[in-house]
Number of protein chains: 2
Amino acid sequence: LDNSEKVSSLQGFANEIKAMNIYNSVFVDCTASDVVASIYKELLQSNISIVTANKAAASSEYENYAEIKKTAKQKGVKFLFETNVGAGLPIINTLNDLVNSGDKILKIEAVLSGTLNFIFNTISADIPLGRTIKMAKELGYSEPDPRIDLSGVDVARKILILARESGYRIEMDEIVIHRFIPDSFFTGSADDFWKNISKLDNEFEQKRKKVAAENKKWRFVARFENGIAEVGLQEVDAKHPFYDLEGSNNLVMYTTERYNQFPMLIKGYGAGASVTAAGVFADLIRVSNI
Amino acid sequence: LDNSEKVSSLQGFANEIKAMNIYNSVFVDCTASDVVASIYKELLQSNISIVTANKAAASSEYENYAEIKKTAKQKGVKFLFETNVGAGLPIINTLNDLVNSGDKILKIEAVLSGTLNFIFNTISADIPLGRTIKMAKELGYSEPDPRIDLSGVDVARKILILARESGYRIEMDEIVIHRFIPDSFFTGSADDFWKNISKLDNEFEQKRKKVAAENKKWRFVARFENGIAEVGLQEVDAKHPFYDLEGSNNLVMYTTERYNQFPMLIKGYGAGASVTAAGVFADLIRVSNI
């Protein structure tokens, strides 16, 4: 590649794929880039399927999301993004199967952030809030700037995608986000954040003790019901399905017209390179329909 | 149809489908019949896909199961049987995705009989074994002859199918079945069975009291590990994922190379007309790959 006379560019790459005009071509996006997502529609129009781990398109304005899905359908190609929620867990495909077979999604309750679940499983009298956030970063569970996880925006994107795949027209700014860290921590620089985060340790330890004394645990929960989506911290007791959610696991519960008295439940690792790669690969196989 | 001069027969029906030679034809089998399953190969050879709720083919001799799968692959058509295990739950598709993306199944632990789970959730000091079996029949949970459920044969077929889809060559007579009712109950007539089953009530109540005193519950569990599949009664405590398995729900746990420290878990209704019909319909959509 170094010896090539061509200058690499995203549009140039797209043009080359289109020019090749190969049957059953697939564009695989493992970035988190808005710019890469912006060429999906053009590729789909050229009969190229998209398999993506990138949430940018499915969580963009509804109009754009719907347009991309419509284009794929019209062209008879695929737009697959199973790994957008819960990595390799069968969360979006199962939702699609339910909706396509005529079921109606009544409620979604889910823990969709491995990072936040790790933090709330790790925080203790010995390991205060600031330290657990640092650990999450050091272990590679969080984004380089952990505020992307802590702000709830990543979880909000995921419940947005599930609500849309359930058949609801909903926008990102309609998701109600209940933050558990003051807004001021999200406005300054990353340096400021790391300097100040430990100032919350004492207040959090008081709250944590109270929750622990009631035999409860904190879970950062995403919920969708009656057209309303919200994300925030919830205290769950030992009888709640979220209580035993170990490590950085994810969990989704679908209450539907058919799965009503007891919801359908899917649980497992919701992040990590190997399970995400497996999910992307499974989507790829789905495109070729073998 | 009554006015037709044609005499209806399975082979005649197969011949007509083949003669029509329609693109993307699908044969849907919602029977439990060996005879119907015996024409799958012939249909697949004529490029007709099969979607089936019938376990007969997938749990027949390995040679036949493998031959049917091979035929579908060679002809580029589908042989789908998601509802063979857990009705509409994404149990087989998820297993296929794991295996196709290069994961290795290390262990399967599952509760796969809604009937037996209902029985062990209902049995109590007031409702003895014989009565719970009658209830299961009256509520339509069990087969007309409940011995098909009680014998463990139905669960054995399901774990056989999961083991095969995991990539293992295994036959039905290799599944170890631990029965919780004496063999003599399975040899006589159905009338004999109903006459005699309550004679076991006292013995079961003694055992039940012991299990309850230890804060445990009975679950009829299917397990596959190291190439060995077995089904039988297990006592589980409150910390076990099977403990809170309500009503006639099913639950599957996959421990794989990638989902290792914590298994992937799928739970929900595993039987019933509406969720099974939905699973068949989802398979049908998969054939047309929309």
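From a predicted model like this one, the values you see are computed outputs, not experimental measurements.

**Concerning the overall build of chain A**
Reasoning step 1: Along the backbone of chain A there are 12 helices and nine strands.
Reasoning step 2: Taking all 290 residues of chain A together, the buried fraction comes to 50%.
Reasoning step 3: Look at the contacts in chain A between residues 6 or more apart in sequence, and 65% of them connect residues 24 or more apart.
Reasoning step 4: On chain A, roughly 13,600 Å² of surface is accessible, and the fraction owed to carbon and sulfur atoms is 50%.

**Brief notes about the interface of chain B and chain A**
Reasoning step 1: Contact residues are listed per partner, giving 33 residues for chain B and 33 residues for chain A.
Reasoning step 2: With both sides pooled, the region where chain B packs onto chain A buries about 2,800 Å², and carbon together with sulfur makes up 58% of that total.
Reasoning step 3: The three residues of chain B that bury the most area against chain A are Tyr-259, Phe-262 and Tyr-269 of chain B, which together make up 22% of that side's buried surface.
Reasoning step 4: The salt bridge partner of Arg-286 of chain A is Asp-97 of chain B, with a shortest N-O separation of 2.2 Å.
Reasoning step 5: Run the count over chain B and chain A and you get eight residue pairs in polar contact (both at pLDDT 80 or more).
Reasoning step 6: Those elements that place two or more of their residues in the side of chain B that touches chain A are α5 (92-100), β9 (264-269) and α12 (273-288) of chain B.

**As for α5 of chain B**
Residue and element names in this part refer to chain B.
Reasoning step 1: Three or more residues of α5 are buried, namely Ile-92, Thr-94, Leu-95 and Leu-98. Around the axis of α5, the buried residues are gathered within 160° of arc, so they sit on the same side.
Reasoning step 2: At the exit of α5 stands Gly-102, carrying a positive phi of roughly 95°.

**Here's the deal with the pattern of salt bridges**
Residue and element names in this part refer to chain A.
Reasoning step 1: Enumeration according to the criterion identifies 37 salt bridges over all chains in this entry.
Reasoning step 2: With a closest N to O distance of 3.2 Å, Asp-183 and Arg-179 form a salt bridge.
Reasoning step 3: Note that Lys-210 is salt-bridged to Glu-214, the shortest N-O span being 4.0 Å.
Reasoning step 4: You can call Lys-210 exposed: its relative accessible area is 55%.
Reasoning step 5: Taken together, the shared-partner salt bridges connect Lys-55, Asp-154 and Lys-158 into one network.

**Here we look at the packing of aromatic side chains**
Reasoning step 1: Within this structure, the stated rule accounts for 30 aromatic pairs over all chains.
Reasoning step 2: For the ring pair Phe-180 of chain A and Phe-204 of chain A, a centre distance of 6.2 Å and an interplane angle of 70° mean the geometry is edge-to-face. You can see Phe-180 of chain A sitting in the loop between β5 (176-177) and α10 (190-196) and its partner Phe-204 of chain A sitting in helix α11 (residues 201-213), a full 24 residues away along the chain.
Reasoning step 3: On the basis of relative accessible area, Phe-180 of chain A is assigned to the buried category, the value being 10%.
Reasoning step 4: A relative accessible area of 3% places Phe-204 of chain A in the buried class.
Reasoning step 5: For the ring pair Phe-193 of chain B and Trp-194 of chain B, a centre distance of 5.4 Å and an interplane angle of 75° mean the geometry is edge-to-face.
Reasoning step 6: Exposure remark for Phe-193 of chain B: the relative accessible area of 1% places this residue in the buried category.

**Regarding the sheet that holds strand β4 (residues 105-111) of chain B**
Reasoning step 1: Across the sheet, which stays open at both edges, the 12 strands sit in the order β5(A)-β7(A)-β6(A)-β4(A)-β8(A)-β9(A)-β9(B)-β8(B)-β4(B)-β6(B)-β7(B)-β5(B) with mixed pairing between neighbours. Each having just a single partner strand, β5 of chain A together with β5 (176-177) of chain B make up the two edges of the open sheet.
Reasoning step 2: Pairing analysis gives four bridges linking strand β4 (residues 105-111) of chain A to strand β6 (residues 216-225) of chain A, with the strands arranged antiparallel. Looking across to β6 of chain A, one finds that Lys-107 of chain A is bridged to Glu-225 of chain A.

**A short note on the relation of the copies chain B and chain A**
Reasoning step 1: The transform that puts chain B on chain A rotates by 180° and translates by 0.0 Å along the axis, for an RMSD of 0.0 Å. Here the transformation between the copies is reduced to the relation of a two-fold axis. Within chain B, the C-alpha atom positioned nearest to the axis of rotation is that of Ile-266 of chain B, 2.3 Å from it.
Reasoning step 2: Most of the interface of chain B is mirrored in chain A, where 100% of its interface residues again form contacts.

**Notes on the packing of α5 of chain B against helix α9 (residues 153-165) of chain B**
All names here are of chain B.
Reasoning step 1: Where α5 meets α9, the closest approach of the two axes is 10 Å, and the angle between their N-to-C directions is 20°. When the axis of α5 is compared with that of α9, the two are roughly parallel. Handedness of the α5/α9 crossing: right-handed. Contacts between α5 and α9 involve Ile-92, Leu-95, Asn-96 and Val-99 from the first element and Ile-161, Leu-162 and Glu-165 from the second.
Reasoning step 2: When its residues are assigned to classes, the contact of α5 with α9 shows five nonpolar, one polar and one charged.

**Quick word on the pairing of strand β1 (residues 26-29) of chain A**
All names here are of chain A.
Reasoning step 1: Every second residue of β1 is oriented toward a common face, the buried set being Phe-27 and Asp-29 and the non-buried set Val-26 and Val-28.
Reasoning step 2: As judged from the four bridges shared by β1 and strand β2 (residues 49-52), these two strands associate in the parallel manner. Within the sheet, the bridge partner assigned to Val-26 lies in β2 and is Ser-49.

**Observations regarding the sheet that holds β1 of chain A**
All names here are of chain A.
Reasoning step 1: Spatially, β1-β2-β3 is the arrangement adopted by the three strands of the open sheet, whose pairing is parallel. Bordering the open sheet on either side are β1 and β3 (79-80), each of which pairs with just one other strand.
Reasoning step 2: Helix α12 (residues 273-288) contacts β1, β2 and β3 of the sheet and is inclined by roughly 165° relative to β2.

**Points about unusual backbone geometry**
Outside of glycine, negative phi angles account for most residues, and trans bonds account for most peptide bonds.
Reasoning step 1: One non-glycine residue, Asn-24 of chain A, lies in positive phi territory at about 65°.
Reasoning step 2: Position of Asn-24 of chain A relative to the elements: it lies in the loop between α1 (10-20) and β1.
Reasoning step 3: Phi at Asn-47 of chain B is positive, roughly 65°, even though this residue is not glycine.
Reasoning step 4: By the secondary structure assignment, Asn-47 of chain B is in the loop between α3 (40-45) and β2 (49-52).

**Details of the environment of Ala-57 of chain B**
All names here are of chain B.
Reasoning step 1: With respect to the secondary-structure elements, Ala-57 resides in the loop between β2 and α4 (62-75).
Reasoning step 2: Taking the C-alpha atoms as reference points, Ala-57 and Ile-161, 104 residues apart in sequence, are found 9.8 Å from one another.
Reasoning step 3: Setting aside chain neighbours within four positions, we find Ala-57 in contact with Ala-37, Tyr-40, Asn-64, Tyr-65, Ile-68 and Phe-79.

**Things to note about helix α4 (residues 62-75) of chain A**
Residues and elements named next belong to chain A.
Reasoning step 1: Between its terminal C-alpha atoms α4 stretches 20 Å, which fits the 20 Å expected from 14 residues at 1.5 Å a residue.
Reasoning step 2: For α4, the full list of buried residues reads Tyr-62, Tyr-65, Ile-68, Thr-71 and Ala-72.
Reasoning step 3: Lining the buried residues of α4 we find α3 (40-45), β3 and α9 (153-165).
Reasoning step 4: Looking one or two residues beyond α4, the residue adopting positive phi is Gly-76, at roughly 70°.

Reading the values: rules and limits
- Residues numbered from 1 in each chain as written.
- Chains lettered and ligands numbered in written order.
- Predicted model: local features only at pLDDT ≥ 70, side-chain atom pairs only at ≥ 80, totals over all residues.
- Heavy atoms only, no water.
- Helix = DSSP H or I, 4+ residues; strand = E, 2+ residues; numbered from the N terminus.
- Buried < 20%, exposed > 50% of the residue type's maximum accessible area, 1.4 Å probe, protein only.
- Contact = heavy atoms within 4.5 Å.
- Areas by Shrake-Rupley, 256 points an atom, 1.4 Å probe, with all protein chains shown as cover.
- Buried area = accessible area lost by both parts, 1.4 Å probe.
- Salt bridge = Lys/Arg side-chain N within 4 Å of Asp/Glu carboxyl O.
- Polar contact = N/O pair within 3.5 Å; in protein donor to acceptor, adjacent residues only side chain to side chain.
- Arc of directions from axis to C-beta.
- Phe/Tyr/Trp six-rings, centres within 6.5 Å; stacked < 30°, edge-to-face > 60°.
- Pairing = 2+ DSSP bridges.
- Least-squares fit on C-alpha atoms with pLDDT ≥ 70 in both.
- Axes fitted to C-alpha atoms, helices over the stretch in contact; angles between N-to-C directions.
- Parallel < 35°, antiparallel > 145°, perpendicular 65-115°, else oblique.
- Left-handed = near helix turned anticlockwise from the far one by under 90°.
- Nonpolar A, V, L, I, M, F, W, Y, C, P; charged D, E, K, R; others polar.
- Expected span 1.5 Å × (residues − 1).

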